[in-house]
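Understanding the architecture of this molecule
The lines below spell out each chain.
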Amino acid sequence: FTKLVKSKRLKCEVWGTDISNVIIEADKIENPYIIYLSQAIGGKNYVPDNYFDIVFSGEVIEHLEEPQTLFKDAYKALKKGGKLIITTPNDDHIKSNEHVWFFVKEDVKKLYEDNGFEKVKFIDLPDIEHVFVIFGIGKKK
């Protein structure tokens, strides 16, 4: 995803994180113009506060014991007015033994609002994809 964003917005500063050092090191070699950090949600050691315009998290919150941690981390990292964009499976339409949670839009909206975000909206993805994936956006107050 970081490579795609950078290819579309050449002057944009793009950062990516992953919990795997192996993946991060490979990404650094493949995409030297992107900043990559190896860290877990809640371990925001190297990400500056009030820095980013957009934070994107794709298919992550359903794997977290405490999904609100992602929203808190993103809120700290975003500038005022910045946006957190997340995707997550819609309810249990995508089966995986690694999923700790199953969310519906109301759950996701509550996570945004409980963690300080406003103007929460959802985008229905094309065709039947919206049945399987929730695509949410919230703005930092």
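Structure's up top.
Residues numbered from 1 in each chain as written. Predicted model: local features only at pLDDT ≥ 70, side-chain atom pairs only at ≥ 80, totals over all residues. Heavy atoms only, no water.

1. A few points about the pairing of strand β4 (residues 78-89)
The sheet contact formed by strand β3 (residues 52-58) and β4 spans six bridges and is parallel. Opposite F56, over in β4, you have I85 as the bridge partner. Between the parallel elements β3 and β4, the chain passes through helix α3 (residues 68-77) in a crossover that is right-handed. Where β4 and strand β6 (residues 133-140) come together, seven bridges link them in antiparallel fashion. Bridge pairing in β6 places I86 opposite G136. (Pairing = 2+ DSSP bridges. Helix = DSSP H or I, 4+ residues; strand = E, 2+ residues; numbered from the N terminus. Right-handed = clockwise from strand over helix to strand, strands pointing away.)

2. Section: helix α4 (residues 105-114)
Within the span of α4, buried status applies to V108, L111 and Y112. The arc enclosing the buried residues of α4, seen along the axis, measures out at 100°, which places them on a common side. The exposed residues of α4 that point more than 90 degrees off its buried face are E106 and D114. In this structure, the buried residues of α4 make contact with α3, β4, β5 (117-122) and β6. The first or second residue beyond α4 is G116, which carries a positive phi of 95°. (Buried < 20%, exposed > 50% of the residue type's maximum accessible area, 1.4 Å probe, protein only. Arc of directions from axis to C-beta. Contact = heavy atoms within 4.5 Å.)

3. Digging into the nonpolar core
Core analysis: the largest hydrophobic core is formed by 20 residues, its most contacted members being I61, L70, F71, L84, I86, Y112 and F117. Counting only elements with at least two residues in this core, the list comes to β3, α3, β4, α4 and β5. Tallying contributions element by element places α3 first for this core, with four residues. The contact partners of I86, leaving out residues within four places of it in the chain, are S57, I61, L70, V108, Y112, I134, F135 and G136. Core analysis: the next-biggest nonpolar cluster, separate from the first, contains five residues, L125, V133, F135 and I137 among them. (Core = buried A, V, L, I, M, F, W, Y, C linked by side-chain atoms within 4.5 Å.)

4. Some thoughts on the pattern of salt bridges
Using the criterion set out here, one finds seven salt bridges in the structure. For K28, the salt bridge identified is with E25, shortest N-O distance 3.5 Å. One end of the pair, K28, and the other, E25, are both in helix α2 (residues 21-30), three residues apart, so they sit about a helical turn from each other. Among the residues examined, K28 registers a relative accessible area of 36% and is labelled partly exposed. Given a relative accessible area of 43%, E25 falls into the partly exposed group. The closest approach of N and O atoms between E113 and K109, which form a salt bridge, is 3.3 Å. Separated by four residues within a single helix, E113 and K109 lie in helix α4, roughly one turn from each other. (Salt bridge = Lys/Arg side-chain N within 4 Å of Asp/Glu carboxyl O.)

5. A look at the packing of aromatic side chains
Applying the stated criterion to the full structure yields nine aromatic pairs. Ring geometry for F71 and Y112: centres 5.1 Å apart, planes at 85°, overall edge-to-face. One end of the pair, F71, is in helix α3; the other, Y112, is in helix α4, with 41 residues separating them in the sequence. Look at F71 and you get buried, because its relative accessible area is 0%. Centroid distance Y75 to F117: 5.2 Å. Interplanar angle 90°. Geometry classified as edge-to-face. (Phe/Tyr/Trp six-rings, centres within 6.5 Å; stacked < 30°, edge-to-face > 60°.)

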